[in-house]
Amino acid sequence: MQYAIVEEIANSNTRKGFQINFFGDPNQAIYGSLGGVAKSLQMINEEFVDLQFKEQTLSGCFRSTGRIVTYYKEFMVEKYPIDAKGVLKDDNGIIQYNDQIGKEQLYDYIAQIIEKNISDGIPEEEICVVAPVWDLLYPFSKDLQDRLPNVKFDAPDITPIKRDPMNIFYKLSRLLLTEPNIRQLTYRRKLANEIIEEIGLMTGLPLAIEGLDLLNFIIQAKGFDTKGSKFVLNGIKYVFDAIQCRIDDHVELKKMYDDFVEKMESRLHNEKFQLTDDLNTFKRMFKEKEGVVINTCHGVKGEEYQTVIAFGLVYGKVPSIYTECTKMDEEANKLLYVIASRAKSRLYLFSEKGRLYKDTGLKKDVEAFPTRQLAQNKSVEYDM
């Protein structure tokens, strides 16, 4: 569908010299297990009637050391020349791989690596910790922040409100739980206009107000409740009363509201999350974050950091257990290529012991073994 839309745009602009370029790297097409499709040049050309594309390749890496480039080239699924050409190309850097550490010792070990890198002068925001899936990152993130209270983290948090940018009430909560300031005015006004437009579409009753009007209602809606859920729900009620719109009168709007409330209450009552229903807990989710980045392999695609620390590199995660058997090696190589190529000079990799995966043949959980491509990569010697 995306290609069809682009073709419509292209066809309507043919005489105006409209130019279309696709940018990508076949070795970083890591969204296959999530339903994504990476098209070849031939497949792209088949999508267009009046346009045909040609392929060009960039071969220079200005990010990483020569050692790191040599290392991640081994994970390529489509080979093409690539050479280190940046200021770090001759640095030795660090490439470590550990497949002997247990998952119980892993957090403490990674905490020590982060402290060492910071003491070496590497800024916090130039350090990134990645794992293949969020399930590994949520407990890790909380534990690591407890261990390093003086280090800032740009890290995921389990929050009472589930992130859902398509939900009107999520957007409204964002405005309710953040303080207005001149730097954020343009964004807040844009978000308010989106809410007004979406309410009009869902109810069939266009609102005769503008973004600034809604922002004023939101400021007035902020009560003095210290209980986070009550603050949000009372604020939503005030705003909808002010715009004279009853949620219960509109089926789709009511369904969206009920879904929002149900997910919030589910998270608050889930013992695994250990969330408290206080206002500060709710406000924390929308605060700007900075520091050591904690994210998934998919989340850091396109980014770059001086130091990259990756864990969970075991079968069942890399490659994912849900990948087709014939594509498992390809997916593992692509994920490892993305992980390793994010690093400028320091790369730490872990296939920790104690992880489990579901063996469909045995129909039980068994211990995961290290992602074998890591042991097979003999292009450089790992540092001790």
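Throughout this document, residue positions are counted from 1 along each chain, in the order its sequence is written. At least 70 in pLDDT is required for a residue's local features to be given in this predicted model, at least 80 for side-chain atom pairs to be given and counted, and no such filter applies to totals for whole chains, interfaces and linings, which use all residues. Side-chain numbers here rest on the full set of heavy atoms in the structure, without hydrogens or water.

A. Geometry of the pairing of strand S10 (residues 364-367). A pair of strands counts as paired when DSSP detects no fewer than two bridges linking them. Here a strand is any run of E in DSSP of at least two residues, a helix any run of H or I of at least four, and the numbering for each starts at the N terminus. Relative to S10, strand S9 (residues 356-359) runs antiparallel, the two being bridged by four bridges. Counterpart to tyrosine 357 in the pairing with S10 is valine 366. Where S9 folds back on S10, the antiparallel hairpin that results is connected by four residues, among which lysine 363 adopts a positive phi of roughly 55 degrees.

B. Main features of helix H1 (residues 2-12). A simple rule labels every residue: compare its accessible area, found with a 1.4 Å probe on the protein chains alone, to the largest value its type can have, and call it buried under 20%, exposed over 50%, or partly exposed in between. Looking only at H1, the buried set comprises Tyr3, Glu7 and Ala10. Down the axis of H1, the sector holding all buried residues measures 65 degrees, keeping them to one side. The exposed residues of H1 that point more than 90 degrees off its buried face are Gln2, Glu8 and Ser12. In this description, contact between two residues means that some pair of their heavy atoms is separated by no more than 4.5 Å. Where H1 is buried, its residues meet helix H2 (41-47). Summarising the geometry, the arc corresponds to the directions from the helix axis toward the C-beta atoms.

C. Looking closely at the packing of helix H6 (residues 168-176) against helix H9 (residues 228-242). For helices, the fitted axis covers only the stretch in contact; all axes are lines through C-alpha atoms, and the angles between them, taken along N-to-C directions, range from 0 to 180 degrees. It is at 10 Å that the axes of H6 and H9 come closest, and there the two elements cross at 105 degrees. In terms of axis orientation, H6 runs roughly perpendicular to H9. Touching Phe169, Leu172, Ser173 and Leu176 of H6 are Phe231, Val232, Gly235, Ile236, Val239 and Phe240, all from H9. Charged residues are taken to be Asp, Glu, Lys and Arg, nonpolar residues to be Ala, Val, Leu, Ile, Met, Phe, Trp, Tyr, Cys and Pro, and polar residues to be all remaining types, Gly included. Considered class by class, the residues forming the contact of H6 with H9 number eight nonpolar, two polar and no charged. By definition in this entry, angles of less than 35 degrees are roughly parallel, angles greater than 145 are roughly antiparallel, angles of 65 to 115 are roughly perpendicular, and the rest are oblique.

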